[in-house]
Amino acid sequence: MSIEQINVSILNRQFTIGTPEAERDTLLQAVDLLNQKITAIQSAGRNMETDKIVIMAALNLTHDLLKLINENKVLADSEMERRIGALIQMCDDALVGAEEHN
């Protein structure tokens, strides 16, 4: 796997980051999303130090990620319950069919 060095700008600072070529677009999207969060915090009008802005942006992104993880878990759990219910129904139908043939 080849590592590509890409240059990105976060808070008007330049960073060179090594990333696998296959993950380049995702990394650029992550940088863009981080910059959006930083801009939103800055435009809220509160005068904050740079490190606090970055921490708040990271906290916001982590919170968003955890909400998505929890939502996906609930969806996965409900899908599993639906499938189990469908399997139980198939077993019940098979048992009823077997009893009718006897």
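The rules we used
- Residues numbered from 1 in each chain as written.
- Predicted model: local features only at pLDDT ≥ 70, side-chain atom pairs only at ≥ 80, totals over all residues.
- Heavy atoms only, no water.
- Helix = DSSP H or I, 4+ residues; strand = E, 2+ residues; numbered from the N terminus.
- Expected span 1.5 Å × (residues − 1).
- Buried < 20%, exposed > 50% of the residue type's maximum accessible area, 1.4 Å probe, protein only.
- Arc of directions from axis to C-beta.
- Contact = heavy atoms within 4.5 Å.
- Salt bridge = Lys/Arg side-chain N within 4 Å of Asp/Glu carboxyl O.
- Pairing = 2+ DSSP bridges.
- Axes fitted to C-alpha atoms, helices over the stretch in contact; angles between N-to-C directions.
- Parallel < 35°, antiparallel > 145°, perpendicular 65-115°, else oblique.
- Left-handed = near helix turned anticlockwise from the far one by under 90°.
- Nonpolar A, V, L, I, M, F, W, Y, C, P; charged D, E, K, R; others polar.
- Core = buried A, V, L, I, M, F, W, Y, C linked by side-chain atoms within 4.5 Å.

Trainee: Tell me what's going on with unusual backbone geometry, and back it up with residues and numbers.
Mentor: Look at Leu11: it is not a glycine, yet its phi comes out positive at around 55°. Along the chain, Leu11 falls in the loop between β1 (3-10) and β2 (13-20). Look at Asn12: it is not a glycine, yet its phi comes out positive at around 60°. Mapped onto the secondary structure, Asn12 falls in the loop between β1 and β2.

Trainee: Outline helix α1 (residues 24-43), listing residues and values.
Mentor: With 20 residues, α1 should cover 28 Å at 1.5 Å per step; its first-to-last C-alpha distance of 28 Å lies within 8% of that length. All of the buried residues in α1 are Leu27, Val31, Leu34, Ile38 and Ile41. On an axial view of α1, the arc spanned by its buried residues comes to 90°, and they lie on one face. Opposite the packed face of α1, turned more than 90 degrees from it, sit the exposed residues Asp25, Thr26, Gln29 and Ser43. Of the surrounding elements, those touching the buried residues of α1 are β1, β2 and α2 (50-101).

Trainee: Quick rundown of the pattern of salt bridges? Include the residues and the values.
Mentor: Two side chains with opposite charge may pair up if their charged atoms get near one another. Enumeration over the complete set of coordinates arrives at two salt bridges. Residue Lys37 pairs with Asp64 through a salt bridge whose shortest N-O separation is 2.8 Å. One end of the pair, Lys37, is in helix α1; the other, Asp64, is in helix α2, with 27 residues separating them in the sequence.

Trainee: Can you break down the pairing of β2 residue by residue, with the values?
Mentor: When β1 meets β2, the two strands line up antiparallel, connected through eight bridges. Bridge pairing links Ile3 to Pro20 in β2. Hairpin connection from β1 to β2: two residues lie between these consecutive antiparallel strands, with Leu11 at a positive phi of about 55°.

Trainee: Can you lay out the packing of α1 against α2 for me, pointing to particular residues and giving the numbers?
Mentor: Interhelical geometry of α1 versus α2 gives an angle of 120° and a closest axis separation of 9 Å. Here α1 lies oblique to α2, going by the angle between them. As for the relative orientation of α1 and α2, their crossing is right-handed in sense. Residues Leu33, Leu34, Lys37, Ile38, Ile41 and Gln42 of α1 pack against Ile53, Met56, Ala57, Asn60, Leu61 and Asp64 of α2. For the contact of α1 with α2, the per-class residue count stands at eight nonpolar, two polar and two charged.

Trainee: Explain the nonpolar core to me, and be specific about the residues and the numbers.
Mentor: Of all hydrophobic cores here, the largest spans eleven residues; its members are Ile6, Val8, Ile10, Leu27, Val31, Leu34, Ile38, Ile41, Met48, Ile53 and Ala57. Of all the elements in the fold, those that place two or more residues in this core are β1, α1 and α2. With five residues, the single largest contributor to this core is α1. When sequence neighbours within four positions are dropped, the list of residues in contact with Val31 reads Val8, Ser9 and Ile10.

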